[in-house]
Every structure is written in C-alpha cells, then in structure tokens.
Amino acid sequence: MPTRILPAVGDADAVRSITTLLSQLPDAEPVAPVADSTQLVDTLARLAAESVDELPEVVVVHERIGPVPALELIREVALRFPSVGVILVTSDASPGLFQAAMDYGARGLVALPLGYEELASRVQAVAQWSVGVRRHLGSGGDVFTGAGGTVVTVSGAKGGVGATLTAIQLALAAQASGRSTALVDMDLQTGDIASYLDVQFRRSVVDLAAITDISPRVLADAVFRHDTGVALLLAPGEGERGEDVTDRAARQIVSALRSRYDVVVIDCGAQLGGAGAAAVEMADTALLVTTPDVIAVRGAKRAVRMWDRLQIRKAEETTVVINRHTRSTEIQPPLIRKITGTAVAATTIPAHFKELQGVVDAGRVHELESRSTVKQALWGLAGELGLVKAAEGAHRTGRLRGDRGAVSFRRRKDAGG
C-alpha cells in the first residue's frame with residue numbers, strides 16, 4: 001500500500017524541492033501540498049470527517065510554515081489527528097530543537113538541505129508507526145481520532161454590544177440539545193461570564209497556561225461544572241494575570257478543549273490580545289457581534305480589517321451577528337454585509353433589553369425565560385450555526401432537550417431546516 005505524504009510548505013522554492021524528492025521515494029504517494037497552517041488543519045479535518053483511513057500517513061512540515069509557528073502546528077496536528085505522523089524539515093538539526101520537536105509531537109526531524117537517504121528512512125519509519133496506530137484504533141482502542149468538537153469564538157465590535165450574553169446563550173443552547181459544551185472566557189482582563197452566571201470559582205484559564213501537556217484530568221480540575229451542565233473555563237479574577245495566557249498557551253488550551261467537548265464557545269471580548277487572536281484563528285466559526293449603529297459598525301469594519309492584516313482571519317470567513325436589531329433602524333443587515341465584507345447571520349437579535357434586565361442584574365442569565373424573544377433568537381442562532389442537535393420530535397414540538405418551555409430554533413434553508 002502506498003504511503004500518502006502531505007507536504008505543508010509555504011516557500012515556493014522549498015515546495016518544488018520537497019515534492020520532487022518525495023515523488024522519488026519508493027511506494028510514496030505525495031498529495032497536493034498545502035501552503036499554510038490553516039489550510040493544513042482544514043484539509044486534515046475534512047479527511048478525518050470522512051474516515052481516519054482517509055488521512056495521510058505522513059505530514060511533512062517545513063520550518064517556515066505560517067502563520068502558526070511550526071512547532072505549535074505540530075502540537076495541534078498531533079493532538080487532533082494522533083494517527084498522522086509528522087516530520088519537521090528544518091535547517092537547525094541541533095539536539096535542542098530535536099528534543100523540542102519530539103516534545104511537541106513530531107515523529108521525526110530531517111535536516112536541510114534534504115538528502116534522499118535521510119528523508120526516505122525517516123518517511124518509512126514514520127509511515128510504519130502510523131499504520132500501527134491505525135491498526136490499534138481499528139481494534140477499538142479508546143483514542144480520540146476525529147477532527148474534534150466545533151469551536152466558535154464570539155468577539156465584540158466594541159464594548160457593550162452583547163458578545164458575552166451571546167456566547168453564554170449559544171453554549172446553553174448547545175448543552176440543552178444534548179451536546180457536551182465548554183464555555184471559555186478569553187476576555188482575560190475584563191471577562192464577566194462568572195458574574196453573568198453567579199459563579200464563585202478558584203481556578204481559571206491561567207492555571208492551564210504553564211502546563212505543557214493538558215491531560216483530561218488536568219482539564220477537568222480547571223473547569224467549573226455549572227448547574228446547567230456547561231463546563232466553564234473562566235477568566236482570572238485578577239485581570240493582570242491574563243498576561244500569563246500567551247498565544248501558544250491559548251492554542252494548547254483550545255486544542256485540549258476541542259478534543260474533549262462537542263462544542264467549545266469562546267468569549268473573546270472586544271480587545272484583541274495574543275490569546276484571543278489565536279482562538280479566532282483556530283475557530284471553525286468566528287462571530288463578530290455588533291449593534292446596528294454607526295459607531296459599532298465602524299468598529300466591526302475596523303476589527304475585520306485588522307484580523308485580515310494580521311492574517312488571523314479573512315473577512316469572508318467571519319460572520320457578523322446583529323444585536324438589538326429593529327426594523328426601523330436605518331442600518332440593516334445588507335448594508336452591514338456590504339460595509340464589512342463579511343457574512344451576516346440570518347438570525348438577528350431583537351432590541352428587548354427589558355426582558356434581560358432582571359436576570360442580568362441578578363447574575364442569572366441562564367434563567368432567562370423561554371418565552372423571551374431575545375433567548376429565542378439567540379437559541380435560533382445556535383441552530384443556524386449547527387451547534388444544537390434536535391431531540392426526537394423536536395421538529396414537531398420546537399423544544400430542545402433540557403430547556404423549560406418551548407424554544408424554537410430557526411435554521412437557514414441551506415443549513416437543513
């Protein structure tokens with residue numbers, strides 16, 4: 001059986017030399033190379049969704065891959081796709097880098113300039129290892145093999161537009177439908193999820209920042225299990241400690257959560273830091289919440305442009321959610337779509353703050369009544385985004401399992417509803 005090899009190389013000259021050499025290896029089947037870290041992870045996720053057998057046995061990562069650094073990318077691939085063997089191609093073949101690459105999950109290291117014998121030997125060894133792992137997985141071993149849970153980030157175009165409330169209700173909707181859900185407060189200095197949900201906590205996301213290998217037990221110790229069933233990973237009580245959560249730590253934390261929960265909702269707040277940027281980049285869906293007024297829409301446009309300049313996310317890969325929407329406002333969804341260049345969620349959130357004021361002031365937003373039009377819209381948004389799974393008979397009753405009362409959720413026609 002031929003060995004499928006996927007090169008991840010951003011440099012055009014390196015692509016040619018690596019693919020030429022790979023094509024000369026015996027029983028090798030090089031596939032079309034990917035040019036950056038996002039394309040690599042997306043490609044592997046798409047193949048894993050079909051079957052673990054569709055994944056390539058070997059991935060060759062060039063040291064200058066971007067925008068995610070090579071070692072961080074290797075860690076994510078090793079965690080999310082454990083049956084794929086990763087080889088790092090680098091000009092630095094020092095023992096220190098070799099050890100670091102192994103610690104991050106690489107199965108081998110090949111020095112530049114590439115030599116046929118060294119590359120052939122390493123590819124063969126890693127391919128054999130990959131086949132052995134897949135044989136084990138096929139025998140029913142309890143090993144995570146899928147592309148992972150769905151990660152959704154919720155950012156605000158500016159402060160006060162409702163990003164935190166949106167994130168909380170999306171997580172509640174997903175959990176109520178029967179999907180294991182984690183809600184993360186990545187607004188590290190000013191996060192308020194704990195206040196909205198009346199939670200007293202000891203541990204926070206900072207407690208995971210310095211841990212290089214987040215095991216299920218370590219993760220379980222850090223999260224707070226809310227009465228609703230949602231697993232909470234909260235921002236630190238002391239805002240200055242948020243600086244301890246680097247982009248590297250954020251990537252590892254998000255990857256660990258993705259591997260353990262069906263849905264991971266991350267509140268990134270309105271200020272972009274390294275950790276929030278890493279989360280937005282890794283997300284399957286990145287939401288940007290705005291209100292239909294000039295200042296907020298300008299903020300949304302500014303955020304989208306900044307994400308694009310920093311190569312975090314393209315405008316067309318971002319979805320704007322319009323909060324406090326009324327039919328009488330001059331700024332309507334089509335105009336926001338045109339101004340920002342993004343997609344705009346079909347579900348808009350109505351401007352009915354009176355429904356929210358009591359539960360917000362009490363810090364009990366999880367007790368928002370089911371007849372609330374705001375809640376219905378937010379849970380409808382969860383349905384539009386594919387975060388909920390319908391309980392048996394939901395198409396008739398309009399209810400999500402675990403919710404008190406009937407809460408309908410609308411889905412776009414092209415999303416299966």
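Residues numbered from 1 in each chain as written. Predicted model: local features only at pLDDT ≥ 70, side-chain atom pairs only at ≥ 80, totals over all residues. Heavy atoms only, no water.

The protein chain carries the name Septum formation initiator in an unreviewed UniProt entry, which gives Streptomyces calvus as its organism.

Visitor: I would appreciate a short explanation of the nonpolar core in the present structure.
Guide: Burial of nonpolar side chains together is a common tendency in soluble globular proteins. Counting residues in hydrophobic clusters, the biggest one holds 48 residues, and the most contacted among them are Met 186, Leu 233, Val 245, Leu 257, Tyr 261 and Ile 266. If sequence neighbours within four positions are ignored, Ile 266 has contacts with Val 151, Val 152, Thr 153, Val 154, Val 184, Met 186, Val 254 and Ala 279. In this structure, Val 152, Ile 193, Val 289 and Ala 377 belong to the second largest nonpolar core, which totals 42 residues. (Core = buried A, V, L, I, M, F, W, Y, C linked by side-chain atoms within 4.5 Å. Buried < 20%, exposed > 50% of the residue type's maximum accessible area, 1.4 Å probe, protein only. Contact = heavy atoms within 4.5 Å.)

Visitor: What exactly am I supposed to notice about the pattern of salt bridges here?
Guide: Any two side chains of opposite charge can pair if their charged atoms end up close together. By the definition in use, this model includes twelve salt bridges. For the salt bridge of Arg 64 with Glu 63, the shortest nitrogen-to-oxygen distance reads 4.0 Å. Assessed through its relative accessible area of 51%, Arg 64 is described here as exposed. Residue classification places Glu 63 among the partly exposed residues on the basis of a relative accessible area of 25%. (Salt bridge = Lys/Arg side-chain N within 4 Å of Asp/Glu carboxyl O.)

Visitor: For this particular structure, what's the right way to read the packing of helix α9 (residues 247–258) against helix α10 (residues 274–282)?
Guide: Angle between the axes and distance between the axes are the two parameters that describe a pair of packed helices. In contact at an axis separation of 8 Å, α9 and α10 are set at 40° when each is read in the N-to-C sense. One element, α9, and the other, α10, form an angle in the oblique class. For the pair α9 and α10, the crossing hand works out as right-handed. From α9, Asp 247, Ala 250, Arg 251, Val 254, Ser 255 and Arg 258 reach across to α10, where they touch Gly 274, Ala 275, Ala 278, Ala 279, Glu 281 and Met 282. By residue class, the composition of the contact of α9 with α10 is six nonpolar, two polar and four charged. (Axes fitted to C-alpha atoms, helices over the stretch in contact; angles between N-to-C directions. Helix = DSSP H or I, 4+ residues; strand = E, 2+ residues; numbered from the N terminus. Parallel < 35°, antiparallel > 145°, perpendicular 65-115°, else oblique. Left-handed = near helix turned anticlockwise from the far one by under 90°. Nonpolar A, V, L, I, M, F, W, Y, C, P; charged D, E, K, R; others polar.)

Visitor: What should I look at first to understand the side chain of Ser 130 in this one?
Guide: For Ser 130, the position within the fold is in helix α5 (residues 116–138). Classification of Ser 130 by relative accessible area gives buried; the value is 0%. With near-sequence residues (within four places) excluded, Ser 130 lies in contact with Glu 57, Ser 83 and Gly 85.

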